[in-house]
Amino acid sequence: MKTNSLPVAFAFLLTITLIPAQAQFPGMGGAAKPKPLPGTAGDNSPKGTAKITGYVVDSAQTKAVEFASVALYDKATNKAVDGTVADDKGTFTLAKLVAGDYRVLVSFVGYRNQTIDNITLTNGQTLDLGVLKLPANTKTLAEVTVIGQGAIIEEKVDRLVYNADKDIAAKGGDATDVLRKVPLLTVDLDGNVSLRGSQNIRVLINNKPSTIIAGSVADALKQIPADQIKTVEVITSPSAKYDAEGSGGIINIITKKNSLQGLNLNVDSGVGNRGSLLSLNGGYRKGKAGFTIGGFGRGIYNTITKSSLEQTSRINTISTLTRQTGDGSSRGLFGQYNLGFDYDLAKNQSITAGIRYGVRNFTSQQDLVTRLFTNGSLNSTSNRSVLAKNLSGTVDANVDYLHTFKPQQEWSISTLYSRNDLTNNFDANLLNGSNELTGRQRNLNKNVNQEFTLQTDYQTPIRKNQLLEFGAKGILREVKSDYSYLFAGPTGGFSTERNNTPGSLTYHQNIAAAYTAYTYTTKKRYTFKGGLRYEHTFIDASTAEGGKLGIANYPVLVPSVNASKTIKGTTVKLGYNRRIQRPGLQQLNPNFNQANPQNITIGNPTLRPELTTNFELGLSRTIKKTFVNATFFGRVTNNAISQVRTPSDTIPGAIITSYENIGKQHAYGVNLFMNIAVTSKINVGIFSNSFYTTLTGLVPGVNGQSTTYTNDGFNISGGSFAQATFKNGWGAQLFGFLQGQQVQLQGLQGGFGFYTVGVKKDFKNKKGSVGLAAENFLAKRFNIHTELTSPQFDQVNDVYLYNRGVRATFTYKIGKMTMNAPRKKAKGVNNDDVKSEGGEQQSGGGAPTGGQRRQ
């Protein structure tokens, strides 16, 4: 029996909203008119020229305490005269202070208060309190474990944050293993990522893009070691400061950094039955200068795939049935190497520079047996042995400058050069039914994707409760693809035959952009953030075969509005934005790839961008030890870029997959998440993603005929995790995920499941650990079943993935370091840009050094 999950979810959230709050902050009850907070609108307290700064850290873990409260008391009256909240780096500033004698009180949930007494300020003085260490309050932590721990999941004003550094089971893996566990995200067994069912997303590394992902999101994520990921931020309603690209939203992967003085080296390693890795990351910081160097290598092996394909194509009066089986295996080597430098030019100025090189060498071997039936009679049997190579090398180089004039007033200039050389070749041996070599085929496809970006950003506060931001950006991007088809007999060399001459695509895409954003917080804690971004795209594209493609330039105006308010313990968030999605390299590449001649892929260089309007309503609440969050969303996409399949009129039985601007896509759904602190040492989470989607579009067919398709249905996925810590440094984690069938324009793609179990033991000195993790160990293989249909073809495809795995991990930290308050580092380029293969949004690789987090 079918059930509609939306009314149930709405009733569930309504119940949460109406439950009385378990506790209130002082002053929230009663009808008394609240007094204005010091420094906010309505505060008429006298202002001076003195300033106090500091950095709040956890005394045990020497990491920042985000959003700690800082209050300034007049010693004479013992009354609070000013206050602020530390930022997400733990830093705070109290400005425009009158000369006098004060004390500072620093507090945060789960910690004991810290008081700094006997502070005397004179006019014009800047007093740096340095590092303020807050000791844990064990009693408080026991009462509010969910909030104090932050567990693995946190919710912030404009994003959901997954704390990957607390993930035990992901150690020894790559970024794919981490993203699988993030609520709102779905990662299939091939590593393709979607957000709320949309693969039109943008993945950044430390707020930076890279050409590394122009070929494949999944392959790019394999080059990022899980051990180096600190957090994953999911931004569903980006502000105008972000590029307009990424209609589904933005995923920002934040890697681990430190501001420790001295020399340090981290060693991470893992070995398993399907992969091994070694990662070395070091740094040296002395005074104003810091250097980082790192290297990561990962090998995958023993990866087996089997497939079964049955499809029927109907051309005029001829019906061709294809029955095909495949046996394959793959292996690969992935690496990433980086060198970074930062220097404080002055107390309020810094420069950051870095270079990173990424390499991917992935090969797959597949043996195909194909039988063709024409109008019910067996016509031919053939065998094919294919060796495919997916090779790439990526260079990212950046230089960034930041000038801070006063708290929240800053100006930055950022540059980035990125180049990706990508090779997609295959060699095929053609055999008859008796396995005798009858010929050979080769496809050579060399791609180069390079871009240069220059941007500048400025922000300034307007009083203490308003912030104005504006900036400009330019991107110069060039994509080239050269391809050729070569044939040979059983002996002899290759030559271009069968009217196949080499081809090429040259595609220039230049973007000019400007934005402004405004944030306002009222006395009653309403927060509004609105912005407007304008982007103009200039296109110049041509092919060797057809000359100029005649694609017109296009402008886009992108508004965004976000608002939030906490009402009786329930936080309500509203969001609206408009986004654009430009086609990426694999959608554009006209290379006719027939590694499997019955399933052919080809790009479409004439694609236009798609435009999406997003709405969302979020509700969240903490009920005793349980945190509950639900977000209702709607997404409307026009000119949607989608994969379309049509039968070939020249190759019997073959289906050709390409990309078209099909028309409209609608999606409406809800994301639910619940985090429960069972005890102070056991944390359990449950999440689900459900939405109803409709797709409508015109698909070109054979003989110039086009067909209008409409498909709709529910997409449902969900999962659960549990984490526990024990005595003597022991810890354990469980995770499971299920994805139901997914609606496509021409059919349904089957679901899949994934689960992991991990244990870890920290050394007594806290400098290292050993661990063991296992995944999908209860089943021999997973089957992804896909059914597609149209008036001209039917296709049933089963792919069997053998991914039962186990791995052992080892980590160790070397070096003796001291903690200094970090200075704000220069911001980096943030290109939220370009769609990737399979209809997915291009995932961002990062420039080599991290920039400030975009707010």
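(A) Just the overall build of the protein, in detail. In terms of regular secondary structure, the protein is built from six helices and 44 strands. Pairs at least 24 apart in sequence give 69% of the contacts found in the protein among residues at least 6 apart.

(B) Main features of the packing of aromatic side chains. Scanning the model with the defined rule gives 19 aromatic pairs in all. Measuring from ring centre to ring centre gives 6.3 Å for phenylalanine 763 and phenylalanine 810, while their planes differ by 45°; the resulting arrangement is tilted. Of this pair, phenylalanine 763 sits in the loop between β39 (752–762) and β40 (768–775) while phenylalanine 810 sits in strand β43 (residues 805–814); the two residues are 47 residues apart in sequence, bridging distant segments of the chain. Judged by relative accessible area, which is 34%, phenylalanine 810 ranks as partly exposed.

(C) Broad picture of the sheet that holds strand β7 (residues 126–134). Here three strands make up an open sheet; going across it, the order is β4-β1-β7 and the pairing mixed. Looking at which strands have only one partner, the edges of the open sheet turn out to be β4 (91–97) and β7. Neighbour-to-neighbour, the strand axes of this sheet turn through a mean angle of 15°, independent of strand direction. Two strands pair when backbone bridges link them, and strand β1 (residues 50–58) and β7 are joined in this way by seven bridges, in the parallel orientation. Within β7, the position partnered with lysine 51 by the bridge is threonine 126.

(D) Molecular detail of the sheet that holds strand β5 (residues 100–107). With antiparallel pairing, the four strands of this open sheet are ordered in space as β3-β2-β5-β6. Taken across any chain shown, the strands that pair with only one partner, and hence form the sheet edges, are β3 (79–85) and β6 (114–121). If you compare each strand with its neighbour and ignore which way they point, the axes differ by 25° on average. With six bridges joining them, β5 and β6 adopt antiparallel strand pairing. Counterpart to valine 104 in the pairing with β6 is isoleucine 116.

(E) Seen up close, the nonpolar core. Counting residues in hydrophobic clusters, the biggest one holds 31 residues, and the most contacted among them are Leu179, Leu221, Ile229, Val232 and Ile253. One finds Val70, Leu97, Tyr102 and Val104 within the second-largest nonpolar core, a separate group that totals 21 residues.

(F) Broad picture of the layout of surface pockets. If you add up the space inside the second largest pocket, you get close to 870 Å³. As for the second largest pocket, its lining consists of 31 residues, of which Gln441, Phe592, Gln594, Pro597 and Ile651 are closest to the centre. Taken together, the elements giving at least two residues each to the lining of the second largest pocket come down to β19 (349–374), β20 (377–406), β21 (409–431), β22 (437–461), β23 (466–488) and β33 (655–677). For the lining of the second largest pocket, the element with the most residues is β20, which contributes four residues. For the lining of the second largest pocket, the per-class residue count stands at twelve nonpolar, 16 polar and three charged.

(G) Focus on unusual backbone geometry. Its identity is not glycine, yet asparagine 435 carries a phi of approximately 60°, on the positive side. Mapped onto the elements, asparagine 435 comes out in the loop between β21 and β22. With a phi angle near 60°, asparagine 639 is a residue other than glycine that sits in the positive phi range.

(H) Just a nonpolar patch on the surface, in detail. Where nonpolar side chains cluster on the molecular surface, the patch consists of Ile293, Tyr337, Leu339, Ile355, Tyr357 and Val395 and spans about 530 Å² of accessible area. Counting only elements with at least two residues in the nonpolar patch, the list comes to β18 (318–346) and β19. Among the structural elements, isoleucine 355 can be located in strand β19. A residue is classified by how much of its surface remains accessible, and isoleucine 355, at 41% relative accessible area, is partly exposed.

(I) Representation of the environment of glycine 275. With respect to the element layout, glycine 275 can be found in strand β16 (residues 275–286). C-alpha separation for the pair glycine 275 and threonine 303, spaced 28 residues apart in sequence, amounts to 9.1 Å.

(J) Broad picture of the confidence of the model for the protein. Per-residue pLDDT for the protein has a mean of 81; in total, 82% of the residues score no lower than 70. Overall, residues 1–46 carries pLDDT values under 50, and its contacts beyond four positions in sequence, including any with other chains, amount to 47 contacts.

(K) Summary view of the pairing of β1. Most of β1 sits inside the fold, with eight of its nine residues counted as buried. Strand direction decides the pairing type here: β1 and β4, joined by five bridges, are antiparallel. Across the sheet, residue glycine 54 finds its bridge partner in β4, namely phenylalanine 92.

(L) The arrangement of the pattern of salt bridges in detail. One pass over the structure, following the stated rule, counts 16 salt bridges. The partner of arginine 477 in a salt bridge is glutamate 451, with the nearest N and O atoms 2.8 Å apart. In this pair, arginine 477 sits in strand β23 while glutamate 451 sits in strand β22, placing the two residues 26 residues apart along the sequence. Assessed through its relative accessible area of 6%, arginine 477 is described here as buried. Assessed through its relative accessible area of 5%, glutamate 451 is described here as buried. Three or more residues joined by partner-sharing salt bridges are found here, namely Lys241, Glu469 and Lys529.

(M) Main features of the environment of tyrosine 692. Looking at the secondary structure, you find tyrosine 692 in strand β34 (residues 682–700). Once residues within four sequence positions are removed from consideration, tyrosine 692 is found in contact with His666, Ala667, Tyr668, Asp712, Gly713 and Phe714. Within polar-contact distance, the side chain of tyrosine 692 engages the side chain of aspartate 712 at 2.7 Å.

(N) Region of interest: the environment of glycine 340. Topologically, glycine 340 is positioned in strand β18. Considered as a pair, glycine 340 and glycine 290 are 50 residues apart in the sequence and their alpha carbons are 8.2 Å apart.

Parameters at a glance
- Residues numbered from 1 in each chain as written.
- Predicted model: local features only at pLDDT ≥ 70, side-chain atom pairs only at ≥ 80, totals over all residues.
- Heavy atoms only, no water.
- Helix = DSSP H or I, 4+ residues; strand = E, 2+ residues; numbered from the N terminus.
- Contact = heavy atoms within 4.5 Å.
- Phe/Tyr/Trp six-rings, centres within 6.5 Å; stacked < 30°, edge-to-face > 60°.
- Buried < 20%, exposed > 50% of the residue type's maximum accessible area, 1.4 Å probe, protein only.
- Pairing = 2+ DSSP bridges.
- Axes fitted to C-alpha atoms, helices over the stretch in contact; angles between N-to-C directions.
- Core = buried A, V, L, I, M, F, W, Y, C linked by side-chain atoms within 4.5 Å.
- 1 Å grid on protein atoms, 1.4 Å probe; cavity = no way out; pocket = protein on both sides within 12 Å on 5 of 7 lines; lining within 4 Å.
- Points joined across faces, edges and corners; volume = space filled by probe spheres on them.
- Nonpolar A, V, L, I, M, F, W, Y, C, P; charged D, E, K, R; others polar.
- Patch = residues over 30% accessible without salt bridge, like charges linked within 9 Å, V, L, I, M, F, W, Y side chains within 5 Å.
- Areas by Shrake-Rupley, 256 points an atom, 1.4 Å probe, with all protein chains shown as cover.
- Salt bridge = Lys/Arg side-chain N within 4 Å of Asp/Glu carboxyl O.
- pLDDT = per-residue confidence, 0-100.
- Polar contact = N/O pair within 3.5 Å; in protein donor to acceptor, adjacent residues only side chain to side chain.

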